[in-house]
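If you want the building blocks of each chain, they are given just below.
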Amino acid sequence: MAQIKNEVAYKAALARIDALLPLVSDETPMTDSNLLELEMLSDMVVEYEDVHYPIGVPNLVDVIKLRMYELNLTQKAVATMIGISPARFSELLSGKREPTFQTARNISINLGISPTTVLGVAM
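Quick summary incoming for the structure in this document. Each chain has its residues counted from 1, following the order in which its sequence is written. Totals for whole chains, interfaces and linings use all residues, but because this is a predicted model, local features are given only for residues with pLDDT of at least 70 and pairs of side-chain atoms are given and counted only at 80 or more. Values reported for side chains reflect all heavy atoms of the structure, with hydrogen atoms and water molecules removed beforehand.

Each helix corresponds to a stretch of at least 4 residues labelled H or I by DSSP, and each strand to a stretch of at least 2 residues labelled E; elements are numbered beginning at the N terminus. A count of helices and strands for the protein gives seven helices and zero strands. Counting helices and strands in the order they occur from the N terminus, the protein gives α-α-α-α-α-α-α. The C-alpha radius of gyration computed for the protein amounts to 22 Å, which surpasses the reference 14 Å derived for 123 residues by more than 25%, pointing to a less compact arrangement than a globule. The buried label goes to any residue with under 20% of its type's maximum accessible area, the exposed label to any with over 50%, and the partly exposed label to all in between, with areas taken from a 1.4 Å probe on protein chains only. The buried share among the 123 residues of the protein stands at 27%. As displayed, the protein has an accessible area near 8500 Å², and 57% of this comes from carbon and sulfur atoms. We compute the radius of gyration over the C-alpha atoms and compare it with the globule rule, which gives 2.2 Å times the number of residues raised to the power 0.38. In these tables, accessible area is a Shrake-Rupley quantity obtained with a 1.4 Å probe, and a residue counts as shielded only by the protein chains included in the view.

See below:
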């Protein structure tokens, strides 16, 4: 299969995808040339992005901060929710301390964060 080899070709592929999107829908026949071109370009873009714009696994601190923002929680409130002191939670957020197993479990349960993320297990 053809590949996108540089940033210029990547941007051109993105522009062409934008042009094709309005031309296809869920009802578009699988033999439609616009749909076929869109699928090929999309696969090429994904392959290029995987190499040039990889998305890393989020770290626990970033996920906790995001969840705090989403739930509008303070550090003190989260510390109480997960059963540790605000000072200990501050150390966790600054990267000075890793959570204990019980704290990690409480983070997962009370903040709804995947255990794999809490434990730093890459899937």
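What follows picks up the thread again.
So, about unusual backbone geometry. In this model, Asn-72 sits at a positive phi of 55°, which is unusual for a non-glycine residue. Looking at where Asn-72 falls in the secondary structure, it is placed in the loop between α3 (60–71) and α4 (75–82).

Think of a pair of aromatic rings as described by two things: how far the centres are apart, and how the planes are tilted against each other in angle. By convention, a stacked pair of Phe, Tyr or Trp rings (six-membered ring in the case of Trp) has centres within 6.5 Å and planes under 30 degrees apart, an edge-to-face pair has planes over 60 apart, and any other such pair is tilted. Following the criterion strictly, the structure yields three aromatic pairs and no others. Relative to Tyr-53, the ring of Tyr-10 has its centre 5.6 Å away and its plane inclined at 35°; by these criteria the two rings are tilted. One end of the pair, Tyr-10, is in helix α1 (residues 7–20); the other, Tyr-53, is in the loop between α2 (33–52) and α3, with 43 residues separating them in the sequence. Residue classification places Tyr-10 among the buried residues on the basis of a relative accessible area of 8%.

Function cannot be inferred from these measures alone, as they are strictly geometric.
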